[in-house]
Structure formats: structure tokens, C-alpha cells
Amino acid sequence: MSDIILEMNHITKEFSGVKALDDVNLKVKRGEIHALCGENGAGKSTLMNVLSGVYTYGSYSGDIIYNGKACQFHSIKDSESKGIVIIHQELALSPYLSIAENIFIGNEVTSAKGVIDWTKTRQKAKEMLAKVGLENENINTPVNSLGVGKQQLIEIVKALAKKVDLLILDEPTAALNDEESKQLLEIMLQLKKQGITCIIISHKLSELSYVADSITVIRDGKTIETMNKETDEFTEDRIIKGMVGRELTNLYPARESNIGDVMVEVNNWNVYHPDDEHRQIIKNVSFQVRAGEIVGFAGLMGAGRTELAMSLFGKAYGQKITGEFKKKGEVLHLNNVREAIKNKIAYVSEDRKNFGLILIDDIKQNMTLAALREYFSKKGVVNKNEEIVTAKKFKKLINVKANSIEQTVGSLSGGNQQKVVLAKWMITEPDVLILDEPTRGIDVGAKYEIYCIINDLAKAGKAIIFISSEMPEIIGMCDRVYVLNEGKIAGELDKEDLSQEKIMKCIVTHNGKENN
Amino acid sequence: MEKKTINIDMKQYGMVIAMIAIFFIFNILSAGKNATPMNINNLIMQNSYVIILAVGMLLCVLTGNVDLGVGSVVALTGGICAIFVLDYGMPIPLAFLVVIIIGILTGMFAGFFIAALGIPPFIVTLATMLMGRGLTYVALKAQTKGPLPTSYTQIGAGYLPAISIGPKEAPIDLLSIIVAIVATLLIIFFELKSIKTKKKYGFDTIPMWQTVIKLIIIMAILWFFMVKLATYRGMPIVLVLITVLIGIYHFITSKTVAGRQVYALGGNAKAARLSGINTKKVFFWVYTNMGLLSAIAGIVLSARNASATPKAGDGFEMDAIAACYIGGAATAGGIGTIIGAVVGALIMGILNNGMSLIGWSTDIQKVVKGCVLLGAVTVDLVSKRKNN
């Protein structure tokens, strides 16, 4: 056998006249971890869908040569039977079924005549779990009671149960925190030792340079270059340059801080879990944000940042909320989102598809939704013309790439969707903006544009609360950072003191104190 | 931009064109019987209550749900109204008012469980369907109550006073013609006004030929109906009622904040909530409103039949739901229009009426209606998928 497991030659795929892939070539060596990089919409996922048979043979042009043979896949089953398994970005687990049932879903361990052999299933599941370091999990637990990180690992186990030779992971760490990501990467390295070839798609460049043996960069449906660990040095600058086609001299736009009076003051804020009144999620949190200041909230996943933000936003999360919330020195009592909006507070959710946008509606209607009653109506009757004028203005102002304001937001790329969400809240003319992971899952170019928008908002004197799991982003953007850990403020760092090490140290020492 | 406007309009025209096509097919099959003035009049009278219910049901469908209880509420309110008038001698306007309040209360009952307690609407309205039907049988002691006095039946079977002109053997009602003229002028006025505002704001206007075609189709339908009515017995009172209701609900859904909130809730309830929309309140009012419209339909139905029976309104919920889906509403919610639902109801009405005229049995009629519903939704979804 040759040492090339997979060759994709001259792959071209069109969607109604638009070339999503244009003469793409990809060569993957047996037993390596091969990374695919590119901006959102560059064609990475399309390429993998061609490979796995989601786009059937004939709907694209070019050849796939796998294990030295030309392949024609007509469905995912075809590619799976050859040992190619893809794990999509959205997890494909059945939430109420147990771990063991999920691992063998569609691939059940059966005795004669299609009857499931549960004893064997459980036995095998246990063995498989050990491979990813989950031997202590109870195989009868329903998967929805596991965290996202563990669910991602279950997906991998599920793939391994199918006798995989080539494993494709589409943004496996997008929803994971640093620790979980690290664990996943270690498992990938272990799989490599067992002879499994991996293709990984990711936006997190530091991870790629850690695990990958080669990196292929795709831009606008074309292969730009393939780098090898032996011959090339993987630097972020080089990868980014390949992805965006230009040198990003600075990932974070410069900003002159012009900090004013205290805008937001929160004292002794306590929140309990909405379904469990004994579980305290936020414990005695106090903080301040000034006008024109960007204040970061760093912390691990589950630290309570989103919960804190949503509980402040008109009690959109939690119960038994106590504490004092002052804006411009005045105590606010917000009982619902409407009151929060009226008091000029905005919250941009971390999950734009589920909580931020109405995907079937157009750009215009999404942009004006939160401000409809206050700014676009008289006695409850909507002024559609004002709506159009405003939507057009904001589309231009923040550069939403779309044919028109009548385009449905579901058809936009992640970055443009995020811009629409930002516009929606900018239109409410808030004094305080809470941005929860405003750049999650969007490409480098769009990130930069969003940073610029945030800076402009700060310049205009708004108080900005910036929640992010990407530490470089927090460090690059914020004037001041609160580190949140297990629902408490673990520390406060000024711009001069900011570094990834300091934030981590803050969390670790706080954990230590808590445990003693 | 331009291309998109055309697509949207085509979809709306599509339903109307389908309706006209079905009408013509039955016109040929029934040798012109379905276009007689009397039959056009019947078409409106027979379908008035389904149209009233479809208008309310559309709001439920927009939230991504349905109300299964409307048929029972129609029977219950019609029955109670007949009892009040016949057994207790209540003045008719007062009886109508009381029954409408009862309808609103049944809607609030369902709305309370759905909005405040978060019980799935399917379950709640399945329960109100059973309860409503049972209560109707209890109230009417399983008997038909009638006949209702003429002043009662007017609302379902009466006409506006006619101003007859023309020859004695073939009189024409001047009132219907005047209404048609006024309506024509109003439609043209609003169209011109909308073009003017669009120009003022500097927006792209829809190509003139499209506007003209749209107006011609609307005018043709309007005048066809009104001339037919004028040569029969004039304007049915119920036509005035449904026109007013359609106008009000079209305005609410397309032009008000409240309407937009229903669409937003159906499109994505979580995002709507985080945009400051009180989703519970929206649910509550949508179902309360359905109760109100069910009561109106109940009064109209009992008036048309001149009696109330415990079996009245059986299966109306399904007709109303089908009308919404045929009219282009999405089962997942967030998509649909009042005009679409009305056209959907008319399509079903024309089918029913046409098949009866050519002598097909009600059994076959059900099969055909089922096919039309399935076909309409399939075509809609498949074409959408292709566009994506």
C-alpha cells in the first residue's frame, strides 16, 4: 500500500451556478493528522461532505482516490463501509438514549435475526470508552446529562465502533473549553498511534499547530497551500495570511480608551438555578463598568458568565435573584426583558441561531425586532418605511454582506448573522451592551470587523461587558477583566496585568482556595 | 432585489390562480351551474364560518400550533345562544354579547393552561374539544333546538336591504354595485398611496406591469362576485361581517407590533423572548382570540341553520387548519398570511360546492380534500427545498 490514504483531485462543486469548490486538491498521508483551515464559507465542510458522500457522486466533478482505488460514494453508508467516518459540528447524538445505545446507534450489536444483544453491547461499549479515557462513565447514563465535552468524546467512540480508518472531525473543539479541548487533542494523538488517520477542521490555530502533521489552507473554494511539519514551520501569521489572503498586521484594532463615569454597578448579586432552587449559580458577585469601557469576563465554561449576564438582563435566567443593580447611580428593578430594553440595556446572546435570530425572517425584521415598539411604531402600528430606512442604514454602517435587507438571515454566513444581531441591539440605542461570545464560530476577517464595531460602540460612550472564552481576544480587546470561577469573582486584572497565564493562575488559585 | 419581489408575488398569486383554476374546472364539469348568482351566494354563505375560523386559526398556526377545540366551541356557543333566546327569551343582541363573552372565556381557559402552565396546546385543545362537545350535548339534552326567530337568523342568512333597479323580471341591487365601486376606488387609492410613499422614501417600486396585473385580478374577482350578488338577492350580511373581520386581522398581522410579535414567536420563541417579547402573553391572547372567533362562527352557523344541534361544527377545526396550510402557512410556525388562509378556505369551499353540484358523494369529497391538502403542502415544501 502506498503511504497516501486519500487523494482528492480537481474537485469542483457548484451550487446553483456558484462555485463552492473550484479545482480543489487534497492529499492525506496514512496515519497523519491533517488539518483543514479556511475562513467560514471557504469550502472546508463542502469538501468533507463530498468525501463522505453527503453530496453524491455525480453532483461534483473530480476524483476521489481512497486506498489507491477510485471511489464513487452514493451515500454516507458507502463511505462508512470503506472506513471513512465524519463527525459533524452539530452533535448527532440521541439525547435520551444511554451512552451505550448511542455508541452503537445505526451499528447495533446483534445476534441472529436482528435482535440486539444488550450484554455484548454493554461489554463492547465499556471497552470502547476506555480508549478515550471515559472508563469511569456509567454506560447507562442518558447522554443529555453529560457535558458537551464528553458528548463530543462519545461521538468519537461512536465513530471508532464503526472500524474507522479515516476520521473526519468538523470543528470538534468549537463548543469545548480549554481543558476539554486539550483532552480531545490528546485523544487524537492517541488514535494516531493506533494507526487512524484524522482530518480536522478547526478555527483554533494554536490547536492545529499542536496536533497537525500537515495543514491545508483553503480560501474561496481553492486550495492555497499544504504545509508539512517536517519542512514548514506552522506559524499563526502564515496560516492566517493563507486564509485571508492578506497579512493581518494586528488581530485587534487599536482603540484609545476614553473612560467616563461609572455606568453599571452590581453589588452582591446572587442567582439560583431555574430548575433547582438549592443550586446557587452566581454567588455574591459585585463589579463595576464605566462608560466607554470594555470590561471582559473570563473564565472556564460553566463558570457562570452567561448565567450572570442573562440574570442581569431582566431576569432572563435563574430564580431567587437578589442583589443590587445600579445604572448611572440609580437602582434598577428589572423583572423582564422588556424593562431591561427600556432601561437601555442590551444582551447579545452567545447562541445566535437559537437565542439571537429568527432564521426564517429577513434581515430587516430581525434588526428591528427588539426596538419595534419604541422606535418603529405609533399606537402599536408598525411604520414599515422607517424600518426599511433604518435597516438599510445599519446594513451599510456595519457592512452586512447580503443582496438586500429582504434576505432571510438563515442564508447568511455566521459573521454576517452576528452583525445582524449586533445591529438589532445597536438600534435599541443602549447605554450598556452585554456581548456574550460575540465572535464565536466566525472567521478571522469577520472577527476583525466585529472588533471594530465594538470599539466604535465603546468610543460612543457605551459601557461594554465582553464575555469570551478565547483569552487572546479578551486580552486584545478589554480595558479591564474580571475572572469568574464557579459563580464567584476570582480576580480582577487591569490591562497592564493581562496575560493568559495570569488569568489561568487566577482560576487555579481560586479553585485551590475553594477546595480548602 | 427586483428578482426577489417577483418571486414573493408569484407565490401569493399562485394560490389565487389555483383557486380560479379550480373554479373554472368545476364550471366546465357542472356545465356552468357553479357560476349562477344563487350558487355564488351559497358559496359565501356556506363557507363564512370556516373563513371566520381560519382567520383565528392562522394566528395559532403562526405560533407553530393549532387549536383543536374550535368545532366544539362553535357548537357550544351556538347551542347556548339558542337556549338563551328560545328558552329564556333573552333579547337577541344581549344573547349574542353574552355568548361572545362565553367564547372569550373558553379561549382564556385554554390560553391559561398553554401560557401560564406551559401545557402543550395540542393537549389543551384536545381537552377543550372533548369538554366542549360534551357540554353541548348536556346543554341541549342531545336535542336540536329550533326554529330560531328571523331576527336571529338574519346574521347568517339575511341580506342588506336591496335597492332594486332595472327590469322587473331581472332586478339588479344597486347597493351591491355601489359597494363594488367604492371598493374599487379604495383599492386604487391605497395602491397609489403606497407607491407614493415608496417614492418619497426612495425605495424600489414593484414594476408597474406587476401592479397592474395584481389590480386586474383583484378587480375581476371583486366585480365577478358583486355582479353575481347584485343579480341574486343583494349583499349577504355575513359577507359584510367576514370582510370586516378579514380587514381587521389582515391589518393586525401585517401592520401592528402585536402581529409582528406572533410571527416572531413562531419563528423562534427563545429569540423572541430575549428581544423583549412576552411570549406567554402572546400565546394567551392568540388562544383567547380563537375563542372569540369561535363564538362568532357559532352564532353565524346557528343563524344560518335556524337551529342549534349538538353535532354542529363537527370537524370545523380540521377545515380551518387545512385552510391555513393550503394557504401557505408553515407547520413549524412563523410563516403564513390572513389572505392566504382565506384563499385556502375558499379553495376548499369551491371544491366542496363544485363536487356537490356534479353529484359526487361526501365520501369522495373527503378523499379529494385530503389529496388537495397533501398536494398543496407538498408542492410548497418541495419548491422551497429546491430554492435552497
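Every residue gets a number counted from 1 within its own chain, in the order that chain's sequence is written. Chains and ligands are labelled sequentially in the order written, the chains with letters from A and the ligands with numbers from 1. Where totals are concerned, whole chains, interfaces and linings use all residues; where local detail is concerned, this predicted model gives features only for residues with pLDDT of at least 70, and gives and counts side-chain atom pairs only at 80 or more.

Going by the annotation in an unreviewed UniProt entry, the name recorded for chain B is Xylose transport system permease protein XylH, with Mobilisporobacter senegalensis given as the source organism. UniProt positions are given in the numbering used here, feature names are shortened, and annotations may be inferred rather than shown by experiment. Database annotation for chain B, UniProt heading Subcellular location (unreviewed entry): "Cell membrane". Its UniProt record, at the heading Function (unreviewed entry), says of chain B: "Part of the binding-protein-dependent transport system for D-xylose. Probably responsible for the translocation of the substrate across the membrane."

Under an unreviewed UniProt entry, chain A has the name Putative multiple sugar transport system ATP-binding protein and belongs to Mobilisporobacter senegalensis. Taken from UniProt, the Subcellular location (unreviewed entry) comment for chain A reads in full: "Cell membrane".

Visitor: Can you help me understand the overall build of chain B in this one?
Guide: Helix and strand counts for chain B come out as 15 helices and two strands. Compactness check: chain B gives a C-alpha radius of gyration of 21 Å against a globular reference of 21 Å for 388 residues, within 12% of the reference. The C-alpha extent of chain B, read off along each of the three principal axes, is 65 × 60 × 40 Å. Exposure is read from a count of other C-beta atoms within 10 Å of each residue's own; the residue is exposed at 12 or fewer, buried at 20 or more and partly exposed in between. C-beta atoms are placed from the backbone. A total of 388 residues make up chain B; the buried ones form 43% of that total. Helix and strand assignments come from DSSP, with helices taken as H or I runs of at least 4 residues and strands as E runs of at least 2, each series counted from the N terminus. The quantity called the radius of gyration is restricted to C-alpha atoms. Its globule counterpart is 2.2 Å times the number of residues to the power 0.38.

Visitor: What exactly am I supposed to notice about the overall build of chain A here?
Guide: Check the secondary structure of chain A and you find 18 helices and 22 strands. On C-alpha atoms alone, chain A measures out to a radius of gyration of 25 Å, which is about the 24 Å that the 2.2 N^0.38 rule sets for 516 residues. In terms of overall dimensions, chain A has C-alpha extents of about 75 × 55 × 50 Å along its principal axes. Counting across all 516 residues of chain A, residues that qualify as buried make up 45%. Residue pairs qualify as contacts under a 7 Å threshold applied to their C-beta atoms, which are placed from the backbone. A separation of at least 24 residues holds for 69% of the contacts in chain A among residues at least 6 apart in sequence.

Visitor: Explain the pairing of strand E7 (residues 166-170) of chain A to me, please; I cannot follow it from the model alone.
Guide: When a strand is regular, its side chains alternate between the sheet's two faces. Residue and element names in this part refer to chain A. In terms of burial, E7 is largely enclosed, as four of its five residues are buried. Each pair of strands is called paired provided DSSP finds at least two bridges between the two strands. Relative to strand E8 (residues 197-201), E7 runs parallel, the two sharing five bridges. Across the sheet, residue Leu167 finds its bridge partner in E8, namely Cys198. Crossover handedness for the path E7 to helix H6 (residues 178-193) to E8: right-handed. Crossovers are marked right-handed if the path from the first strand over the helix to the second runs clockwise, as seen with the strands pointing away from the viewer.

Visitor: What exactly am I supposed to notice about the packing of helix H2 (residues 37-62) of chain B against helix H12 (residues 279-305) of chain B here?
Guide: Any two packed helices are characterised by how steeply their axes cross, that is the angle between the axes, and by the distance between the axes. All names here are of chain B. Axis definition: a line fitted to C-alpha atoms, limited for helices to the stretch in contact. Angles are taken between N-to-C directions and run from 0 to 180 degrees. Two elements in contact, H2 and H12, have axes separated by 9 Å at closest approach and are oriented at 175°. Considered as vectors, H2 and H12 are oriented roughly antiparallel to each other. Residues Met45, Ser48, Tyr49, Ile52, Leu53, Val55, Gly56, Met57, Leu59 and Cys60 of H2 form the contact with H12, whose participating residues are Val286, Tyr287, Asn289, Met290, Leu293, Ser294, Ile296, Ala297, Val300, Leu301 and Arg304. For the contact of H2 with H12, a count of residues per class yields 16 nonpolar, four polar and one charged. Roughly parallel refers to an angle under 35 degrees, roughly antiparallel to one over 145, roughly perpendicular to one between 65 and 115, and oblique to any angle outside these ranges. As a working rule, the residues Ala, Val, Leu, Ile, Met, Phe, Trp, Tyr, Cys and Pro are called nonpolar, Asp, Glu, Lys and Arg charged, and the rest polar, with Gly in that last group.

Visitor: What is the right way to look at helix H5 (residues 121-139) of chain B in this model?
Guide: For an α-helix the count is 3.6 residues per turn, leaving residues at separations of three or four pointing the same way. With 19 residues, H5 of chain B extends 26 Å between its outermost C-alpha atoms, agreeing within 8% with the 27 Å of an ideal straight helix rising 1.5 Å per residue. Backbone geometry just after H5 of chain B places Lys141 of chain B at a positive phi near 50°. One fewer than the residue count of a helix, multiplied by 1.5 Å, yields its expected span.

Visitor: Honestly, the nonpolar core in this entry has me stumped. Any pointers?
Guide: Nonpolar side chains in soluble globular proteins generally cluster together in the buried interior. Counting residues in each nonpolar core, the largest one holds 186 residues, and the members touching the most others are Ile464 of chain A together with Leu53, Ala54, Met57, Leu58 and Cys324 of chain B. Ranked by the residues each element gives to this core, the list is headed by H2 of chain B, at 15 residues. A domain-level breakdown of this core finds at least three residues from each of domain 2 (260-344 + 432-440 + 459-516) and domain 3 (354-429) of chain A. Apart from residues lying up to four places away in sequence, Met57 of chain B is in contact with Val66, Asp67, Val70, Met290, Ala320, Ile321 and Cys324 of chain B. Core analysis: the second largest hydrophobic core is formed by 70 residues, Ala20, Ile84, Leu93 and Phe104 of chain A among them. Think of a nonpolar core as buried Ala, Val, Leu, Ile, Met, Phe, Trp, Tyr and Cys residues chained together by C-beta atoms that fall within 7 Å. An automatic or database domain assignment supplies the residue ranges for each domain.

Visitor: Would you take a moment to explain the domain arrangement of chain A for this structure?
Guide: Note: interface size is frequently given as the accessible area lost on complex formation between the parts. Residues and elements named next belong to chain A. Assigned domains of chain A: these are domain 1 (4-244), domain 2 (260-344 + 432-440 + 459-516) and domain 3 (354-429). Using C-alpha coordinates to define each centre, domain 2 is positioned 27 Å away from domain 3. Contact residues are listed per partner, giving four residues for domain 2 and five residues for domain 3. Looking at the side of domain 2 that touches domain 3, its residues break down into three nonpolar, no polar and one charged.

Visitor: Help me understand the interface of chain A and chain B, please; the structure alone is not making it clear to me.
Guide: Across the boundary between the two partners, chain A contributes 29 residues, which contact 22 residues of chain B. Within the residue set of the side of chain A that touches chain B, elements represented by two or more residues are helix H10 (337-342), helix H11 (352-356), helix H13 (372-375), strand E18 (381-382) and helix H14 (384-397) of chain A. Partitioning the side of chain A that touches chain B into residue classes produces 16 nonpolar, nine polar and four charged.

Visitor: Whenever I open this one, helix H9 (residues 237-255) of chain B confuses me. Can you help?
Guide: All names here are of chain B. Under the 1.5 Å per step criterion, the end-to-end length of H9 is 27 Å for 19 residues, consistent within 8% with the ideal 27 Å. For H9, every residue scored as buried is listed here: Val238, Leu239, Ile242, Tyr249, Ile252 and Thr253. Looking straight down H9, one finds its buried side chains confined to an arc of 160°; they lie on one side. Of the exposed residues in H9, the ones pointing more than 90 degrees away from its buried face are Val244, Gly247 and Ile248. Summarising the contacts, the buried residues of H9 are in contact with H2, helix H6 (150-157), helix H10 (257-267), H12 and helix H14 (338-357). Working note: the arc is built from the helix axis to C-beta atom directions.

Visitor: Looking at this structure, how should I read the environment of Val262 of chain B?
Guide: Residue and element names in this part refer to chain B. You can see Val262 is positioned in helix H10. For Val262, a count of 26 C-beta atoms within 10 Å gives the class buried. Excluding residues within four positions of it along the chain, Val262 makes contact with Leu59, Leu62, Thr63, Val282 and Val286.

Visitor: What exactly am I supposed to notice about the sheet that holds strand E6 (residues 84-87) of chain A here?
Guide: Strand pairing in a sheet relies on backbone hydrogen bonds. The paired strands run either parallel or antiparallel. All names here are of chain A. Read from one edge of the open sheet, six strands run E6-E7-E8-E3-E9-E10, paired in mixed fashion. Pairing within the sheet leaves two strands with one partner each, and these edge strands are E6 and strand E10 (222-228). Strand-to-strand twist across the sheet, computed as the mean angle between neighbouring axes with direction ignored, equals 15°. Packing of H6 onto the sheet brings it into contact with strand E3 (33-37), E7 and E8, and relative to E8 it is tilted by some 150°.

Visitor: What should I look at first to understand unusual backbone geometry in this one?
Guide: If a residue is not glycine, its phi is most likely negative; likewise, a peptide bond is most likely trans. Of note, the bond from Gly146 of chain B into Pro147 of chain B is cis; its omega dihedral lies within 30 degrees of zero at -10°. Examined against the element boundaries, Pro147 of chain B turns out to sit in the loop between H5 and H6. Phi at Lys344 of chain A is positive, roughly 65°, even though this residue is not glycine. Within the secondary structure, Lys344 of chain A is located in the loop between H10 and strand E16 (345-348). You can call Lys344 of chain A partly exposed: it has 16 C-beta atoms within 10 Å. Its identity is not glycine, yet Glu429 of chain A carries a phi of approximately 50°, on the positive side. Within the fold, Glu429 of chain A resides in the loop between helix H15 (414-427) and strand E19 (432-436).

Visitor: Would you mind showing me how to read the environment of Leu191 of chain A here?
Guide: Residues and elements named next belong to chain A. Relative to the elements of secondary structure, Leu191 occurs in helix H6. Its 21 C-beta neighbours within 10 Å are what place Leu191 among the buried residues. With 24 residues separating them in the primary sequence, Leu191 and Leu167 have C-alpha atoms 9.6 Å apart.

Visitor: Could you clarify how one ought to interpret the environment of Gly103 of chain B in this entry?
Guide: All names here are of chain B. With respect to the element layout, Gly103 can be found in helix H4 (residues 92-116). The class for Gly103 is buried, based on 29 C-beta atoms found within 10 Å. Gly103 sits 189 residues away from Leu292 along the chain, and the two C-alpha atoms are 5.0 Å apart. Residue contacts for Gly103: discarding those within four places in its chain leaves Val73, Thr77, Gly291, Leu292, Ser294, Ala295 and Gly298.

Visitor: How should I be thinking about the pairing of E10 of chain A in this particular structure?
Guide: All names here are of chain A. As judged from the six bridges shared by strand E9 (residues 214-219) and E10, these two strands associate in the antiparallel manner. The residue bridging Thr216 from the neighbouring strand is Thr226, located in E10. Hairpin geometry of E9 and E10 is characterised by an intervening segment of two residues between the two adjacent antiparallel strands and by a positive phi of about 50° at Asp220.

Visitor: Even after reading the chapter, I still don't get the sheet that holds strand E22 (residues 488-494) of chain A, so can you show me in this structure?
Guide: Residues and elements named next belong to chain A. The strand order E16-E19-E20-E13-E21-E22 describes an open sheet built from six strands, whose pairing is mixed. This sheet does not close on itself; its edge strands, each paired only once, are E16 and E22. Here the average twist between neighbouring strands, direction ignored, is 20°. Bridging between strand E13 (residues 294-298) and strand E21 (residues 480-485) involves four bridges; their strand directions are parallel. Counterpart to Ala298 in the pairing with E21 is Val483. Docked against the sheet, helix H9 (residues 305-312) engages E13, E16, E19, strand E20 (463-467) and E21, running at close to 145° with respect to E20.

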